[in-house]
Structure formats: C-alpha cells, structure tokens
Amino acid sequence: MKRYNFRPSFPADLRIYMLLAKDAQKACENYLAPTQQLQAGSTSAQTGGSRLIGAHMPTSGGLYRSLTLGAEIGCNVVQLFTCSPRQWNHPELKADDVQAFLHARDDTGIDFTVAHDSYLINLAAPSEEILEKSRRAFLMELKRANTLQIKWLVTHMGAHLDQGEDEALARLAQSLRQILEETDKLGYTVGIALETTAGQGTGLGWRFEQLGRILRDVGDHPRLGVCLDTCHVFVAGYDLRSRERYDASIAHFDSTVGIDKLKVLHLNDAKKGLGSRVDRHEHIGFGEIGMEPFGFIVTDPRLMHVPAIVETPDSDTMHEVNVRRLRHMSEGGGPYAEVTVSLFGHYSELSKGEPVTLKLPCCTTLKDALVELGALNDELKNIGDHCRFAVNDEFCELTAQLVDGCAVAVIPPVSGG
Amino acid sequence: MAFIIICSDVLDTRQIESSVSTHANGAVCTFVGQIRNHSRGKDVEYIEYQAHVALAEKELNRLAVEAETRWPVTVAISHRLGRVNVGEASVVVSVGSPHRSEAFAACQYCIDTLKVTVPIWKREVGPDGAIWIEGDESVRAGTD
Ligand SMILES: [Zn+2]
Ligand SMILES: [Zn+2]
C-alpha cells in the first residue's frame, strides 16, 4: 500500500478543473456515447470447467441453500456444516432434505461438496467417555456426508489437553483406523480430510510432521487425506509471503505429508502474524498473508485439482468478493487493482488537487477503497457518510467493483450556481 | 436538444440566449447567477469554482433533457469554472419556449436542480481568507 503525505496547502490546481467543452454539441455527444461498463456483477455464469473455487456457505433455510446461494455468488465448490457445529446430538437427515440437496446439486452443477465436522469432536480425547462420544458423533457426520454424496469431510485433529501429545496422536490414529474400517464395510465413498490447524491451545495438527505421522500410523488409505488452511499454516509458522518461502513451505509439506494427500484447500488470509498461533481469518489480501501467496496457490499446477474454499468473515456480503478475487487470479489476473481517486471540494486540498493512487487487492469494492483512503488521512475517514462517489464518470453505490486502472471520484455535497 | 457548456471563459449571455431563441419561441427566459460581494456575513472578493467536469456535463445535460421532456422548451446552460470576480456571471440558464409560463417554470427547475445535484463546488475568497461551500456547510479552506 502506497502512503501519501498530504500537505494542507492549496495551490489551486487547474488540472482538476480540466477543460472545458467549448462546443455544446460535443457535450451532448459525450453524454449520449455508450458509457464504459463497470465489471459485470455476474460471476456464476462462466465457472464451468474452471478451477474449483468456492466458500463455506450457510445452511439456514435448508442444506440445499448452501448450493443455491453458492451458485449465486460464483462458487463451483461449496463447503457446509451438515448440522449445527456446536451440538452433540442431531436428528437423522430427512429424506426430503437429502432430495432437495441432491436436486440443488444437479441444478447448480456444483458436484464437488465438502462438509466440515462439529467443533466438539475430539478424536484424540484423553477421556474415554469423550473419545467414545466423539467417535460416535464422527460416524454420524460421515453418514450424513455420505448420504449427501459429499466428497470430503474436513475435521480437526483434536487436542491433547496436556495429557501427552504422543498418546493423543496414537488415540487419533486408532480412532481413524477404526472409523475407516467400519465405514469401508458400509461402502462409504466420503473421505476424511485432516485439517492443518493454527496451534492454539493444545490442538494437534499444526506441525506438518504430526499430520505425516498420523497418515503413516493409519496406513495409506484412499479415503484419508489432508486439508491445508492457509491462515492456519501461516500463523503456525509456515511462511508463504514470497515465491521462495511459498515453495519452501509447500516442499516441506510434500516431504512430511505428501502433496498427493492434499484434498482440500482452505484459503483464508490471517489477521494475526506469522507464528502467532492465533486463528483469526481475514479477507483475501487484507491480512498478514497478502495477495501474492493466494495467486501462487490458485495458479500452482500441482494444486489445480484441489478445491479451494474461503472461510472468511461477513459471508453474506464478502464471500462473493473473495471468491471473485481468487477466480480472477486463477485465470491469470493480477493480484492488485491500481485505482486513482480524485478528491473534490475542500478534500481536494488534502492531495493538492492531484489524484491519489491506491494499490488495492483485485476485485475490491468501493467500500473497501474508502477504508484504505481513510487510513491515509483522518479527514478522509467516514466520507462515505456524506459524500457521493463516481467510478469512471458514473455515479455508483459503495458495492461497485473496482477494476485495475479505474478512476474514483469523491463527490461531497455540491455548491454550484 | 439541450446546450451545455462548462468553461473557464467569461460567459456571453447573449450568445447563450441566441441558442434557444428560434422563431418558434415566443419567450426566452434567462437566469444569470452572478458573484455578490458578501456571503454569510463576510466580504467576498471572488469565488473559485471547481467541477468534476465529465460528470457535471452529464448531470447538466440530464437535468436539461428532463426539463425539455416535462415542458415544451429548449434549454441552454453554461457554468463557469476557476476564478470569477464580483459582478461577473458564474452560471447562465436560458430557456426558450412558445409561451412564457413554461419558460419561467423550466428555468427555475433547472437552476434549483443544478444547485443540489451537479458536481460543482465554490470556494469563496475574501479578506478573512477562503471557505469551501459544500451543500449547507461551509468548510474553512487552507491558505493559498
Ligand atoms: Zn479451515
Ligand atoms: Zn480457522
């Protein structure tokens, strides 16, 4: 992000006044000329056949809603909870709900679905009672996912709760062996993807070596794989922020876990720093990881077949933006949008009448740009409350998408005449 | 067909009127906004006008076409930018129409709408310094 020093002086810069249609006819022609279209809002149309990119979608109103909503915002893969993730006991799936889900899958064409299990499940629990409860609950998770023809069930590796990491990993391996064996007999197709974790508390799975050990202990199984979460691995200490460090981290993953075991990607930026072991997801490009590493991942030929899912905040408004951002990069688009902002009225003095250049993550909304603008100068905070805005000489809403090279204008209340 | 001009030259009221004064029009109503020597209890020496030119042209054209749709009129609007001294015109709205009542109505509509929608701003300069006017607010300007 470029920072500009504003000086509160006023050279009446005529460049902002510009010139000046002498010819009224010309002004009319300008007005009638087809106006430059901002980037179209629809993203769901041209996703067929391209890299799998999607989001963890809400299921309120029915499980099938995750698919229909996902399709609306441009997902071609969707992750969901098949039940409330903070509760132990769940009723069986209703046949109607299953039918609606499979119908929505066929309607939307979103064939690849991923489930995330309950947060309560600890397949490494030291307490015999909790361990049993977890195994039973996890079997139910698998059953629901299998019924819904979901491809992978993502689970965390549990926590050792200070009762010994070694023993906990052994219990986890035992849980997985038992569960895979049991569900093999039932002919299940859904796989189990162990997620890399942030290393908060006594959680397991934040070192790649722990994942590698579990895979070795359980033994090679086609229904056992790994989910790599970029936020988690970054805060766990694996850097991704340059091509070299990204390659080194992936090489380390390959040597300890095996890249062929990678079945699901969770693409989240991180609010907290490298090695902080604090799990707070941030919008793509707005956190400590930044834009480039996500570009490395979605264009990495080794990972092309691995579905990428965002689990970022503000799902109702921001999932669409984050998905679009990733898809843009996966199709070769640059990670940034450079945008010029012209300030008018008394604000023009802040930038001496010159436009300000902002380097923003690609596929950013005007609303995000205003946050960055506010960070440049206190006077520019909250301008969204009383100013109007234009992009490429058209008035627009705060939800407008900004593309590389576009021109934003900040329009305070006017006083012509 | 509306006539819109945004420029930094002195406005020629006669010329703007002539663009709407066809033989079919029995009335030409012209409003001239000019710089007065005081504002908000302070002396004014001159006003500097600033615009988002492309957008202002569009907005002026939009409101002129709106007036021409509502009334049987032809509209010409000129707005001046940059420094405008006391006594000089900053805006001229000229409306031609077969009859006077529509000309008056359309002229008033155009100048009233212009003042609240068109992205043009004034910076009033007087002996006490300069202030920006933004809607109903005035904001103290930095010094030259
Ligand atoms: Zn995750
Ligand atoms: Zn997380």
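Since we're looking at a predicted model, the values are computed, not measured. Counting starts from 1 at the beginning of each chain's written sequence and moves along it residue by residue. Chain letters start at A and ligand numbers start at 1, both assigned in the order the entries are written. Residues qualify for local features only when their pLDDT is at least 70, as the model is predicted, and side-chain atom pairs are given and counted only at 80 or more; totals for whole chains, interfaces and linings, by contrast, use all residues. Just so you know, side-chain values use all the structure's heavy atoms and leave hydrogens and water out.

Participant: In this structure, what is going on with the overall build of chain B? I would like to understand it.
Facilitator: Strands here mean DSSP runs of E at least two residues long; helices mean DSSP runs of H or I at least four residues long; both are numbered from the N terminus. Within chain B one finds three helices and 11 strands. Along chain B, helices (α) and strands (β) appear in the sequence β-α-β-β-β-β-α-β-β-β-α-β-β-β when read from the amino end. The globule rule is 2.2 Å times the number of residues to the power 0.38, and the radius of gyration it is compared with is taken over C-alpha atoms. Its C-alpha radius of gyration of 16 Å places chain B within 12% of the 15 Å reference for a compact globule of 144 residues. Taking the principal axes of the C-alpha coordinates as reference, chain B spans close to 50 × 25 × 25 Å. Note on exposure labels: buried denotes an accessible area under 20% of the residue type's maximum, exposed denotes more than 50%, and partly exposed covers the range between, all computed with a 1.4 Å probe on protein chains only. For chain B, the residues scored as buried account for 56% of the 144 residues in total. By the convention used here, residues are in contact when the closest approach between their heavy atoms is within 4.5 Å. Long-range contacts, defined as pairs at least 24 residues apart, comprise 72% of the intrachain contacts of chain B with a sequence gap of at least 6. Calculation of accessible area relied on Shrake-Rupley with a 1.4 Å probe; when residues are assessed, cover is drawn exclusively from the protein chains displayed. As presented, chain B carries roughly 6400 Å² of accessible surface, and 49% of it is formed by carbon and sulfur atoms. Charged side chains in chain B number 14 positive and 19 negative. The centres of these two groups are separated by 2 Å. A positive count includes Lys and Arg, and a negative count includes Asp and Glu. His and the chain ends are not counted in either. The atom standing in for a charge is NZ when the residue is Lys, CZ when it is Arg, CG when it is Asp and CD when it is Glu.

Participant: What is the right way to read the coordination of the zinc ion (ligand 1) from this model?
Facilitator: Geometry reference: four tetrahedral donors at a metal, ideal angle 109.5 degrees. Six octahedral donors, ideal angles 90 or 180 degrees. Residues and elements named next belong to chain A. Only Glu 195 (OE), Asp 229 (OD), His 266 (ND1) and Glu 311 (OE) from the protein coordinate the zinc ion (ligand 1), and they sit 2.1 to 2.2 Å from it. For Na, K and Ca the donor cut-off is 3.2 Å, while for other metals it is 2.8 Å, and in both cases only N, O and S atoms qualify; water is not among them, so sites may look incomplete. Metal sites are grouped by the angles between bound donors: all angles between 85 and 135 degrees with four donors is tetrahedral, opposite donors over 155 degrees apart with the others between 65 and 115 is square planar for four donors and octahedral for six, and any other pattern is irregular. Relative to the metal, the four donor atoms surrounding the zinc ion (ligand 1) lie at angles of 86 to 172 degrees, and the coordination shape comes out irregular. Ordering the donors of the zinc ion (ligand 1) by residue number gives the pattern E-x33-D-x36-H-x44-E. Taken as a pair, the zinc ion (ligand 1) and the zinc ion (ligand 2) lie 4.6 Å from each other. Of this pair, His 266 sits in strand β7 (residues 262–266) while Glu 311 sits in the loop between β10 (308–310) and α11 (315–330), and the two are 45 residues apart along the sequence. Residue His 266 shares its accessibility class with Glu 311, and that shared class is buried.

Participant: Looking at this model, I keep getting lost on the coordination of the zinc ion (ligand 2). Mind explaining?
Facilitator: Residues and elements named next belong to chain A. In the first shell of the zinc ion (ligand 2), the protein supplies His 232 (NE2), Asp 279 (OD), Asp 279 (OD) and His 281 (NE2), at 2.0 to 2.6 Å from the metal. What the four donor atoms of the zinc ion (ligand 2) show is an angle range of 53 to 127 degrees at the metal, which sorts the shape as irregular. In primary-sequence terms, the residues that donate to the zinc ion (ligand 2) follow H-x46-D-x1-H. A residue is classified by how much of its surface remains accessible, and His 232, at 3% relative accessible area, is buried.

Participant: Would you mind going over helix α5 (residues 128–147) of chain A with me for this structure?
Facilitator: Each full turn of the α-helix corresponds to 3.6 residues, which orients residues three or four apart in the same direction. Residues and elements named next belong to chain A. Helices are assigned an expected span. That span is 1.5 Å times one less than the residue count. Over its 20 residues, α5 runs 29 Å from end to end, which matches the ideal 28 Å to within 8%, given 1.5 Å per residue. Here α5 has its buried residues at Leu 131, Ser 134, Arg 135, Ala 137, Phe 138, Leu 139, Glu 141, Leu 142, Arg 144, Ala 145 and Asn 146. On its buried side, α5 packs onto β3 (112–116), β4 (152–155), α6 (165–185) and β5 (191–195).

Participant: When you look at the nonpolar core in this model, what are you seeing that I'm missing?
Facilitator: The nonpolar side chains of soluble globular proteins are, as a tendency, buried together. What is meant by a nonpolar core is a set of buried Ala, Val, Leu, Ile, Met, Phe, Trp, Tyr and Cys residues, joined one to another through side-chain atoms within 4.5 Å. Counting 82 residues, the largest nonpolar core has Ile 192, Leu 194, Ile 214, Leu 265, Leu 267 and Leu 326 of chain A as its most contacted members. Among the elements that take part in this core, α6 of chain A stands out by supplying seven residues, more than any other. Ignoring anything within four residues of it in the chain, the contact list for Leu 326 of chain A reads Ile 53, Leu 267, Ile 284, Phe 294, Val 298 and Val 310 of chain A. The next biggest cluster of nonpolar side chains, apart from the first, holds 34 residues, and it includes Ala 27, Cys 29, Val 53 and Ala 103 of chain B.

Participant: How should I be thinking about the sheet that holds strand β7 (residues 82–85) of chain B in this particular structure?
Facilitator: Strand pairing in a sheet takes place through backbone hydrogen bonds and is either antiparallel or parallel in direction. Residue and element names in this part refer to chain B. If DSSP finds at least two bridges between two strands, the strands pair. Spatially, five strands are ordered β7-β5-β9-β10-β11 in an open sheet, and the strand pairing comes out antiparallel. Whereas interior strands pair on both sides, the edge strands pair on one side only; in this sheet they are β7 and β11 (137–140). Here the strands of the sheet are splayed against their neighbours by 30 degrees on average, with no regard to which way each runs. Pairing of strand β5 (residues 46–51) with strand β9 (residues 120–126) involves six bridges; the strand directions are antiparallel. By the bridge assignment for β9, Gln 50 is matched with Trp 121. Here an axis means a line fitted to C-alpha atoms, over the contact stretch when the element is a helix, while the angle between two N-to-C directions is reported on a 0 to 180 degree scale.

Remember that the coordinates give geometry; whether it matters functionally is a separate question.
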